Amino acid sequence: MANYTDDVKKLLELIGGRDNIQAVSHCMTRMRFVLIDQEKADEKQIEKIPSVKGTFTQAGQYQVIIGNDVSGFYNEFTKYAGIEGVSKDQVKQEAKKKQNPLQKGVSNLAEIFAPLIPAIIVGGLILGFRNIIGDVKFLEGGTKTLTDVSVFWSGIYSFLWLIGEAVFHFLPVGIVWSVTKKMGTTQILGIVLGITLVSPQLLNAYEVGQAAMKYWDFGFFQMQMAGYQGQVIPAILAGFTLVYLERFFKKITPAAISMIVVPFMSLLLSVIVAHGILGPIGWQLGSWISAGVYAGLTSSFRGLFGAFFGFIYAPLVITGLHHMTNAIDLQLIADYQGTILWPMIALSNIAQGSAVLAMIVLQKKNERAQQVAIPACISCYLGVTEPAIFGVNLKAGFPFISGMIGSGIAGALAVSTGVMANAVGVGGIPGILSIKTEFMAVFAICMLIVLVVPFVLTWIMGKKKLTLQERGIAAAEVDTAKEVEAAAPSKKEQILMSVLTGKIIPIEEVPDDVFSQKIMGEGIGIEPESETVVAPANGSVSAVMEDSGHACGLVLENGMEILIHVGIDTVDMNGEGFELFVKEGDTVRCGDPLIRFSKEKIKKACHPATTVFIVTDEGNASNIRFLSNLQAEAGETVIAAYE
Ligand SMILES: OC[C@H]1O[C@H](O[C@H]2O[C@H](CO)[C@@H](O)[C@H](O)[C@H]2O)[C@H](O)[C@@H](O)[C@@H]1O
């Protein structure tokens, strides 16, 4: 093992000293720091330290790339600096602390909604489909919908509401459950609390204002029996109340009675707080919004109001408070035989869809992203935006803002020209069918704005902001056999065999900047089809990541050093889905199994499975040539030749 004393000293000094280190850990090749002030790190000088191969900042972590022997470097560093290393998870948590409150809020919201996305997507498509068959009057001269004229479609419409209602009206159950899951408290209590928010005993949220409110009467005070169907804010607040109450009671309750006291007290109190305090606050917010919208639409600054409402409607959907607008729409229709508000809603929905469309184009090679984005876009254009907002736009941030901008511009135009709808219709592309005929042309221009502006803005920003990995630009198509033949090793050359079965891609196409920029050395990437990594030649194991099992270093008989790294950023999986067959110092022969991994688990953890094969030190070898763009068999196909 090399002596890193000088390099360690330099790194500690150049990184801003011990006091500037909030947390440090390492993966197979990199030191991962969370620094208190990254400005204090002299990146240029750090990159000149002999054992440092490069530096990189990602998700609040400052990474210093060392190579295969990073564990040796790390041990010397932590010993010299006199600091305790922490787990990768802790480093991630620390990195999160460095986000600003808005970034934190958005990432927490995204984490809460991530497990709900599949259900929201299904619900979105179902509601979008129902919108078409139940609301678009395209039959009998534009006077009837499909459900008006067909018992079958009317039955389908009614049946599908079973699922639509389960997803959207009962969403609070999913939200509260997801909050408890994210915060690591008792999930079933979250589910029960969620159910109390949407129980049929309560007045359905959609009937509040129309039917008489019911009350629990406790003699000296009354509590509203209001349901929170479709509401997001009350559910999130209730969820966090439960989490903190459970933690509190766990802390203060003796172990012997905690099984009874902790769930009982935390659930009871959080239901009281949810219905007694948080729910009414949510409703109050909603009625202020209604009053504000009504005042804006009837003011002399209506154009400006249109821009503002168009801009904030999508964030309103996040909160669930957008349902309040239905009451205003109905009031406007009753008073003025039409609504100026609803056209903006339809435009905002289309705008978010166009932002997703741009993401689909940008991420056309990212299969995983497409799986969420395509249905989300369809659902959005049919009037249901949650799959798009939570599944795509909010996660990346800039598509959401692009949609808001496009919607703001179109909203200004629509309101200032008085675009009016006959009724509340399908709040997406078919929405034009609900617009009064005299306003259809100008509404079509507004539609053009929300189709083009968010798309172009998202596309421009996405080109800059999305990493190659996020865009899925990784795997090249397998090339012709001819090229492979031409690159075949000559007799005097020695060879390295593929460590996996799969497509061999040039290292430049690996979706990780450190590898693709060859900071660690030359090599190739493999899009794996098999799941067992085998040794590419005879040698011995120089390094393994015992806790994560995702990478392995080898030294061959000629001194050549090799790094095999399964998947990208898979160190975060903490060994879940990986099995190591070797340990440091083991002798291996070509074809011996080194690591087994689960592609499924890597995919589930949202990491590319692209496996990196790198020569980190040539040893006594020279003129190493890597073969790529071919289909390889583990242990049988040559992927590199050298003299
Ligand atoms: O929360 C579900 C969706 O709610 C709104 O859309 C629905 O109501 C609109 C009228 O307010 C109607 O035009 C649309 O067709 C319905 O899907 C909201 O506009 C959507 O963004 C949201 O996904």
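Analysis parameters
Counting from 1, residues in each chain are numbered in the order their sequence is written. Residues qualify for local features only when their pLDDT is at least 70, as the model is predicted, and side-chain atom pairs are given and counted only at 80 or more; totals for whole chains, interfaces and linings, by contrast, use all residues. Derived side-chain values reflect all non-hydrogen atoms in the structure, with water molecules and hydrogen atoms excluded from consideration. Where helices and strands are cited, they refer to DSSP runs of H or I of at least four residues and of E of at least two residues respectively, numbered from the N terminus. For the exposure calls, accessible area comes from a 1.4 Å probe over protein chains only, and a residue counts as buried if that area is under 20% of its type's maximum, exposed if over 50%, partly exposed in between. Throughout, a residue-residue contact means that at least one pair of heavy atoms, one from each residue, lies within 4.5 Å. Exposure was quantified through the Shrake-Rupley algorithm and a 1.4 Å probe, taking into account, for residues, occlusion by the shown protein chains and nothing else. pLDDT gives the predictor's per-residue confidence on a scale running from 0 to 100. Think of it this way: one heavy atom of a residue within 4 Å of a molecule or strand is enough to make that residue near it. We call two N or O atoms a polar contact when they sit within 3.5 Å, provided that within protein one can donate a hydrogen and the other can accept it, with sequence-adjacent residues counted only if both atoms are side-chain atoms. Buried and open spaces are told apart on a 1 Å grid over the protein atoms alone, a cavity being a set of points where a 1.4 Å probe fits but cannot get out and a pocket being an open set with protein on both sides within 12 Å along at least five of seven lines. Residues with an atom within 4 Å of a point are the lining residues. A molecule is said to be in a cavity or pocket once over half of its atoms fall within 2 Å of that pocket's grid points. Three classes are used, and their members are as follows: Ala, Val, Leu, Ile, Met, Phe, Trp, Tyr, Cys and Pro are nonpolar, Asp, Glu, Lys and Arg are charged, and the others, Gly among them, are polar. The criterion for strand pairing is that DSSP finds at least two bridges linking the strands in question. What counts as a ring pair is set by centres within 6.5 Å for rings of Phe, Tyr and Trp (its six-membered ring), and what kind of pair is set by the plane angle: stacked under 30 degrees, edge-to-face over 60, tilted for all other angles. Should the NZ of a Lys or the CZ of an Arg lie within 6 Å of a ring centre and within 35 degrees of the ring normal, that charge is described as sitting over the ring. Each patch is built from salt-bridge-free residues with over 30% relative accessible area, joining like charges within 9 Å and nonpolar side chains (Val, Leu, Ile, Met, Phe, Trp, Tyr) within 5 Å. The rule for a salt bridge is simple: a side-chain nitrogen of Lys or Arg has to be within 4 Å of a carboxyl oxygen of Asp or Glu.

What follows deals with the overall build of the chain. What the chain contains, in helices and strands, is 23 helices and 20 strands. Considering the chain as a whole, with its 643 residues, one finds that 52% of them fall into the buried category. Within the chain, residue pairs in contact and separated by at least 24 positions form 72% of the contacts whose partners lie at least 6 positions apart. As displayed, the chain has an accessible area near 28500 Å², and 60% of this comes from carbon and sulfur atoms.

The subject of this paragraph is the confidence of the model for the chain. Of all residues in the chain, 91% have pLDDT values of 70 or greater, and the mean over the chain is 86. Long-range and interchain partners of residues 474-486, a stretch whose pLDDT sits below 50, account for 21 contacts in this model, where long-range means more than four residues apart. The complex prediction reports pTM at 0.55, with the ipTM value standing at 0.96.

With that settled, the discussion passes to the side chain of Ser407. Inspection of the secondary structure puts Ser407 in helix H18 (residues 398-416). For Ser407, a relative accessible area of 2% corresponds to the buried category.

Attention shifts here to the site of the ligand. The ligand sits among 17 residues. The nearest are Tyr313, Trp342, Thr385, Glu386 and Gly425. Contact between the ligand and Thr385: an oxygen atom at 2.6 Å from a side-chain N or O atom of the residue. With respect to the ligand, the side chain of Glu386 contributes an N or O atom lying 2.4 Å from an oxygen atom. Calculation on the ligand without its partners gives an accessible area of 480 Å², and the protein chains cover 90% of this total. Structurally, the ligand is housed in the second largest pocket. Listing elements by their share of the shell around the ligand, those giving two or more residues are helix H13 (302-319) and helix H15 (341-362). Top element by residues in the shell around the ligand is H15. It accounts for three residues. Partitioning the shell around the ligand into residue classes produces seven nonpolar, nine polar and one charged.

A separate point is the pairing of strand E11 (residues 539-544). Pairing of E11 with strand E12 (residues 551-556), which is carried by five bridges, proceeds in the antiparallel orientation. If you follow Ser540 over to E12, its bridge partner there is Val555. A loop of six residues connects E11 with E12, the two strands running antiparallel in sequence, and Gly549 in this loop sits at a positive phi of about 60°.

Here we take up the packing of aromatic side chains. In the structure shown here, the tally under the stated rule is eleven aromatic pairs. A centroid spacing of 5.0 Å and a plane angle of 25° characterise the contact between Phe218 and Phe221, whose relative ring orientation is stacked. Given a relative accessible area of 42%, Phe218 falls into the partly exposed group. Where Phe305 meets Phe309, the ring centres are 6.1 Å apart and the plane angle is 25°; that geometry is what we call stacked. Here Phe309 and Phe305 lie together in helix H13, a separation of four residues that amounts to about one turn. Feature note: the residues Phe129, Phe152 and Trp153 constitute an aromatic cluster, connected by ring pairs. It is Arg130 that lies over the ring of Tyr157; its NZ or CZ is 3.8 Å from the centre.

Judged by side-chain polarity, Val361, Ile429, Leu448, Leu451, Val452, Val456, Trp459 and Ile460 come together as a nonpolar surface patch covering roughly 620 Å² of accessible area. With respect to the helices and strands, the residue Trp459 is situated in helix H19 (residues 440-465).

Okay, the pattern of salt bridges next. For side chains of opposite charge, pairing can occur when their charged atoms come near one another. Summed over the entire model, instances satisfying the criterion amount to eight salt bridges. The partner of Arg32 in a salt bridge is Asp569, and the shortest N-O contact between them spans 3.8 Å. Taken together, the residues span a long stretch of sequence, with Arg32 in strand E2 (residues 30-35) and Asp569 in the loop between strand E13 (561-565) and strand E14 (578-580) at a distance of 537 residues. The class for Asp569 is buried, based on a relative accessible area of 12%. Where Lys144 meets Glu140, a salt bridge forms, and the shortest distance between an N and an O atom there is 3.4 Å. Bridged by salt links that share partners, the residues Glu508, Lys518 and Glu522 form one connected network.

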